[in-house]
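So the chains spell out like this:
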Amino acid sequence: AAVAQDIDNWLAAAPRTLIHGDLKGGNIFMRKHDAYVIDWQWCGWGCGVHDVVYYLATTASDETASDYAHALWLYHHALVNEVGPELRKERPWPFPDTHRLFMLALLDYMRWAWSYRLVDENPFLYRQRQKGEADTNCGAYRRSFKRLKVLCDLAEAFLPGAESGALGKSLMD
């Protein structure tokens, strides 16, 4: 419980942005090269990488989720390029800090998933979901053991950094 509280505190101390809160395939519509995001009832202020974690857990391909660092770099690059050069110079945002916040957000997401969303899951339900048509409201981590394993492996790799307190240290402080 102490580590979960630390993670929550570290994420709360991160720079805030408007997050969607439910960024999954069912809420993203594409028209040529433009993406339109709908269904904003879960939006609020938070750490932007929460949406990245949610998307990787629920919607992205298994390959993208497994190669999360590339997706995270694309997110970071787009974020840094959207702020003006003056703000970039005044307050640089190094990729390692985006990665640190991603690790914290993933640990927070997995805490939620295991304590709430996955409580009643079992192999039979996974097999049933794999046979049927994909429900965009049922995240990939609830349809694919492979996706769940990727998320669990990441959580296992990231947890020692949270337990030691190393993930609590921002490079921007």
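So, a few notes on the structure that sits alongside this text. None of the values given here were measured: they were computed from a predicted structure.

Cut-offs used in this document
- Residues numbered from 1 in each chain as written.
- Predicted model: local features only at pLDDT ≥ 70, side-chain atom pairs only at ≥ 80, totals over all residues.
- Heavy atoms only, no water.
- Helix = DSSP H or I, 4+ residues; strand = E, 2+ residues; numbered from the N terminus.
- Rg over C-alpha atoms; globule rule 2.2 N^0.38 Å.
- Buried < 20%, exposed > 50% of the residue type's maximum accessible area, 1.4 Å probe, protein only.
- Contact = heavy atoms within 4.5 Å.
- Areas by Shrake-Rupley, 256 points an atom, 1.4 Å probe, with all protein chains shown as cover.

### Some thoughts on the overall build of the protein chain
Here's step 1: Scanning the protein chain from N- to C-terminus turns up eight helices and four strands.
Here's step 2: In the protein chain, the succession of α and β elements from N to C terminus is α-β-β-β-β-α-α-α-α-α-α-α.
Here's step 3: Taken over the C-alpha trace, the protein chain has a radius of gyration of 17 Å; the compact-globule value for 173 residues is 16 Å, and the two agree within 12%.
Here's step 4: With the principal axes as the frame, the protein chain shows a C-alpha extent of 50 × 45 × 30 Å.
Here's step 5: Split into buried and exposed, the 173 residues of the protein chain put 38% on the buried side.
Here's step 6: Expressed as a percentage of contacts within the protein chain between residues at least 6 apart in sequence, the contacts between residues at least 24 apart total 68%.
Here's step 7: If you sum the accessible surface of the protein chain, you get close to 10500 Å²; carbon and sulfur atoms cover 57% of it.

### Examining the environment of Ala 140
Here's step 1: Relative to the helices and strands, Ala 140 resides in the loop between helix H7 (123-131) and helix H8 (145-164).
Here's step 2: According to the relative accessible area criterion, Ala 140 is buried, its value standing at 7%.
Here's step 3: A sequence separation of 85 residues divides Ala 140 from Tyr 55, and the C-alpha atoms of the two residues are 9.5 Å apart.
Here's step 4: Apart from residues lying up to four places away in sequence, Ala 140 is in contact with Ala 57, Thr 58, Thr 59 and Arg 147.

In short, the description is geometric, and any link to function would need to be established separately.
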